Amino acid sequence: VSRSKGLRGTESQREPRIPSQFSQEQRIAMKEALKGAIQIPTVSFSPKELNTTALAEFGEYIRKVFPTVFHTSFIRHEVVGNYSHLFTIKGSDPSMQPYILLAHIDVVPAPDKGWDVPPFSGLERDGFIYGRGTLDNKNSLMAILQALELLLIRNYIPRRSFFIALGHDEEISGINGAQKISALLQARGVQLAFVVDEGSFILDGFIPYLKKPFAMVSVSEKGAINLMLQVNTTTGHSSAPPKETSIGILAAAVSRLEQTPMPNMFGSGPLMTAVEQLANEFPFPTNIVLNNLWLFRPLVSRLMERNYITNSLVRTTTALTMFNAGVKVNVIPPVAEAIINFRLHPAQTVQEVLKLAKDIVADDRIQFHVLDAFDPLPISPSDDQALGYQLLRQTIHSVFPEVNIVAPGTCIGNTDSRHYLNLTTGIYRFNPIYLQPQDFSSIHGINEKISVQAYETQVKFVFEFIQNVILHLEQDCNYVTTTITTTAGQIKWSVQHRLVTGGKLRLGALGEPQTSWFWRLEPGEDNLRPWAPPKGALGFAPLPYPATCCCHPTPGDTNLRKHFPGTSCELSSQGKGSLSLEPRSSRALALPSCPGSDLSRESGGQVGRGLPTETLLHGWGKGQLPSLRGPQSSSLFSVGSKPEHIGICSVAVRCKALKGSISWLEAGSYALWITRESRSQRETQTELGLETTFPLFLLSRQDLPRLPGV
Ligand SMILES: CCCCCCCC/C=C\CCCCCCCC(=O)NCC(=O)O
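Please read these numbers as outputs of a predicted model, since none were measured by experiment.

Student: Could you clarify how one ought to interpret the sheet that holds strand β16 (residues 335-344) in this entry?
Tutor: Adjacent strands of a sheet pair through backbone hydrogen bonds, lying either parallel or antiparallel. Reading across from one edge, β14-β16-β12-β17 is the order of the four strands in this open sheet, with antiparallel pairing throughout. Looking at strand neighbours, the two that pair on one side only are β14 (317-325) and β17 (367-374), the edges of this open sheet. Pairwise comparison of adjacent strand axes, ignoring direction, gives a mean angle of 20° for this sheet. The pairing of strand β12 (residues 223-232) with β16 spans 10 bridges and is antiparallel. Looking across to β16, one finds that valine 231 is bridged to alanine 336. Each of β12, β14 and β16 touches helix α6 (residues 246-259); the most contacted strand, β16, lies at about 15° to it.

Student: Please clarify how the site of the ligand should be interpreted in this entry.
Tutor: Close to the ligand lie 20 residues, the nearest being Glu170, Ile207, Arg343, Asn414 and His444. Arginine 343 places a side-chain nitrogen or oxygen 2.7 Å from an oxygen atom of the ligand. Out of a free accessible area of 660 Å², the ligand has 92% covered by protein chains. Put simply, the parts of the chain that give the shell around the ligand at least two residues each are β11 (214-221) and α10 (308-314). Tallied by class, the residues present in the shell around the ligand amount to 11 nonpolar, four polar and five charged.

Student: Explain the sheet that holds strand β21 (residues 449-451) to me, please; I cannot follow it from the model alone.
Tutor: Spatial strand order, β6-β7-β21: three strands in an open sheet with antiparallel pairing. Only two strands of the sheet have a single partner each, and these edge strands are β6 (124-125) and β21. With respect to the sheet, helix α14 (residues 452-468) is in contact with β6, β7 (128-130) and β21, its orientation differing from that of β21 by roughly 75°.

Student: Hey, could you run me through empty space enclosed by the protein in this one?
Tutor: With a probe scaled to a water molecule rolled over the atoms, the places where space remains empty come into view. The full count for this structure, using the stated rule, is 13 cavities of 30 Å³ or more. Secondary structure elements with two or more residues in the lining of the largest cavity: β5 (99-104), α4 (138-153), β9 (195-197) and α14. It is α14 that provides the largest number of residues to the lining of the largest cavity, a total of four residues. A breakdown of the residues in the lining of the largest cavity according to their chemical character gives nine nonpolar, three polar and two charged.

Student: Before we go on, may I ask you to explain helix α1 (residues 24-38) in this structure?
Tutor: Between the first and last C-alpha of α1 there are 22 Å, a value that for 15 residues agrees with the 21 Å anticipated at 1.5 Å per step. Within α1, the full set of buried residues consists of Met30, Lys31, Ala33, Leu34, Lys35, Gly36, Ala37 and Ile38. On its buried side, α1 packs onto α2 (52-65), β6, β7, α4, β21 and α14.

Student: Mind showing me how you'd approach the environment of glutamine 26 here?
Tutor: Take glutamine 26: it is sitting in helix α1. Sequence spacing of glutamine 26 and glutamine 146 is 120 residues, and the spatial spacing of their C-alpha atoms is 9.9 Å. In contact with glutamine 26, other than residues within four places in its own chain, are Gln21, Leu150 and Ile153.

Student: Is there a simple way to explain the packing of aromatic side chains in this structure?
Tutor: Both the distance between ring centres and the angle between the ring planes are used here to describe each pair of aromatic rings. Counted by the stated rule, this structure contains 13 aromatic pairs. Aromatic side chains phenylalanine 461 and phenylalanine 465 sit 6.3 Å apart centroid to centroid with 15° between the ring planes, which places their arrangement in the stacked category. Of this pair, phenylalanine 461 and phenylalanine 465 are both found in helix α14, four residues apart, which corresponds to roughly one turn of the helix. Pair check on accessibility: phenylalanine 461 and phenylalanine 465 agree, each one buried. Taken together, the ring pairs connect Tyr99, Phe162, Phe194, Phe400, Phe430, Tyr434, Phe461 and Phe465 into an aromatic cluster.

Student: Hey, could you run me through the pattern of salt bridges in this one?
Tutor: It is possible for side chains bearing opposite charge to pair when their charged atoms get close. Tallied over the entire structure, the rule returns 14 salt bridges. Linking glutamate 464 and arginine 17 is a salt bridge whose minimum nitrogen-to-oxygen distance equals 2.4 Å. Pair noted here: glutamate 464 is in helix α14 and arginine 17 is in the segment before α1, with a separation of 447 residues, a long-range link. For glutamate 464, a relative accessible area of 12% gives the class buried. Its relative accessible area of 32% is what places arginine 17 among the partly exposed residues.

Student: Can you walk me through the nonpolar core in this structure?
Tutor: The nonpolar side chains of soluble globular proteins are, as a tendency, buried together. One finds Ile62, Phe87, Met142, Phe194 and Phe465 to be the most contacted residues of the largest nonpolar core, which totals 97 residues. Among the elements that take part in this core, α4 stands out by supplying 10 residues, more than any other. The contact partners of phenylalanine 194, leaving out residues within four places of it in the chain, are Pro98, Tyr99, Ile100, Leu387, Gly388, Leu391, Thr424, Gly426, Tyr428, Phe465 and Val469. Among the nonpolar cores identified, the runner-up in size contains 22 residues, and Leu229, Ala336, Ile360 and Val361 belong to it.

Student: What exactly am I supposed to notice about the pairing of β5 here?
Tutor: Regular strands have side chains that alternate between both faces of the sheet. Counting buried positions along β5 gives six out of six residues, so the element sits mostly inside the fold. With burial as the criterion, each face of β5 is covered, one bearing Tyr99, Leu101 and Ala103 and the other bearing Ile100, Leu102 and His104. Bridge count between β5 and strand β8 (residues 162-167): six bridges; the pairing is parallel. In the strand pairing of β8, tyrosine 99 is matched with phenylalanine 162. Note: β5 against β9, two bridges, orientation parallel. Bridging across to β9, isoleucine 100 finds its partner in valine 195.

Reading the values: the criteria
Residues numbered from 1 in each chain as written. Predicted model: local features only at pLDDT ≥ 70, side-chain atom pairs only at ≥ 80, totals over all residues. Heavy atoms only, no water. Pairing = 2+ DSSP bridges. Helix = DSSP H or I, 4+ residues; strand = E, 2+ residues; numbered from the N terminus. Axes fitted to C-alpha atoms, helices over the stretch in contact; angles between N-to-C directions. Contact = heavy atoms within 4.5 Å. Near = heavy atom within 4 Å. Polar contact = N/O pair within 3.5 Å; in protein donor to acceptor, adjacent residues only side chain to side chain. Areas by Shrake-Rupley, 256 points an atom, 1.4 Å probe, with all protein chains shown as cover. Nonpolar A, V, L, I, M, F, W, Y, C, P; charged D, E, K, R; others polar. 1 Å grid on protein atoms, 1.4 Å probe; cavity = no way out; pocket = protein on both sides within 12 Å on 5 of 7 lines; lining within 4 Å. Points joined across faces, edges and corners; volume = space filled by probe spheres on them. Expected span 1.5 Å × (residues − 1). Buried < 20%, exposed > 50% of the residue type's maximum accessible area, 1.4 Å probe, protein only. Phe/Tyr/Trp six-rings, centres within 6.5 Å; stacked < 30°, edge-to-face > 60°. Salt bridge = Lys/Arg side-chain N within 4 Å of Asp/Glu carboxyl O. Core = buried A, V, L, I, M, F, W, Y, C linked by side-chain atoms within 4.5 Å.

Following this line, the structure appears as structure tokens:
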């Protein structure tokens, strides 16, 4: 199997973890930096009215506050669309697909009225920093740059490349900022592993009876329509008015729209997944109700309508946001205009909502002008293969250990991330801060604020996240197993660990399926379970190998055998560091020649190196294999002594689970391979041919097209 790009490097490049602890001086500097950012009034009023002076000033400000970000050789900074910023942080491993972190510079207007402190003062009161943008979204912007600055001054060098994109017009559509940055990246041929943007939080107190906060990572985003309704009538003297004026006609129409909610769509989309995941967090009897939506769906959907926030999750919302009419007190208004801002439920389209709106208005005197509109965004994956989602989940659990549930959701607002649809299928929206309903009201409202502690934690989260994109196996993985193919002769095998993050492990197997192409190992279990990938799932295609069978490594242990009826060999311990495989079956296995399958060439021939410390290797029978510690460790296996001793064995690599989380294997970033090593170089060449490696499994979406026959 050609793995020309599947494996990279010769040894596990383990970077030391930089702890997310900051000095008192750094903590003061980071909050002062946020205050300074709040003080720059980067207000977007409308697509034609932006505070460009403030936007330019903001560009100067971040240069001043984050000097290391701007003066690091592997970081490229570009200004896009005059005021947006794109940072390209080049990682040391070009084979890892880059990701992008998004945030925006602009804020909505904030008249002083009603605020406890002026909205652009950035004042600190009782442990909170007040001001427009403290939640939406200068907190994210500053936390991203701050975390990077802190990493860089501690000599951090990323392996995976990433981008940071700071849009300047998110509040007014993002077409000059995010859209241009996205176009630039597309023109450069960039494809992203995932996008992380604002748009959701750790939600606290949003759902009645749910006592504990939970993290909602938005995997989709509502669509939107800005619809202008216009009525033109004959103008004239107000002393002899017509029966209806343009204002009256329009007011009645918008009132009908307001009074007639769009249909309740509860029952589809990520919300159902979230409800399922949260059901057991509720006390009795709510847990019963939520666990039985087949029966209680109508009840739950009505309950969700009662609260204005949960209501926004179950339907397309209708907000009357602008109304303009009238020229003088004694003139019949010739024209009246209103703007309605619809946010579209994921199960509806722009066309459907427009039709519904027309039916509700039901007045031919009213003209409809769609100012801008887009359908709800596709739902990004949140399964165990979804790198971005799993990384967020993992980091949430480590930074907020008290948060038990991480659930997918739909962002009710709109974000810059929608402009990145062409670059990835993984778009995730999450702000790592706690949000209560009153905080939600402050976004675009009054007294928007963030606690100093919450902001520090947000910096910590980004600091951890950036490092987590290259998590080491031993930090997070419980088990990694694979079915390996061996032939007669001695083999030496080595393991190279790449990125593994929290989640579940999916196993790929060689050969014709006996019971299943794939087996899944759940954490804490020794049983592999036959498992079928979802139809059409990427990354799971039969490998072009002949039928094989699998053996159990320890005689008497039936865990595996029962899953592999074709078992034909046994593996037993032969002392430290060696196992022998004695196939009972005479069934020979002809391994096809696979051009380009020499993995050792890619690994520089340094077989046996690169084993992470603390990695434990076990056979299924537990403990037959030695623990491997230290980068030079490797294990030698004898696999029979006669050429006809051909078989298949299963080996588990069990890794230390520091966090006890479920393991998850990133597609294409992890590989276990073996290389055959004979007693002498001569034997190797004469008996076995040039050093050969055996492909074990391929789970890479990127690699699949390169597999022969796939
Ligand atoms: C069962 C789940 C209950 C969830 C309750 C949902 C609570 C929603 C919480 C936060 C959503 C905040 C959205 C913020 C988006 C801000 C982006 C923005 O303002 N963009 C501009 C725009 O939308 O107009």
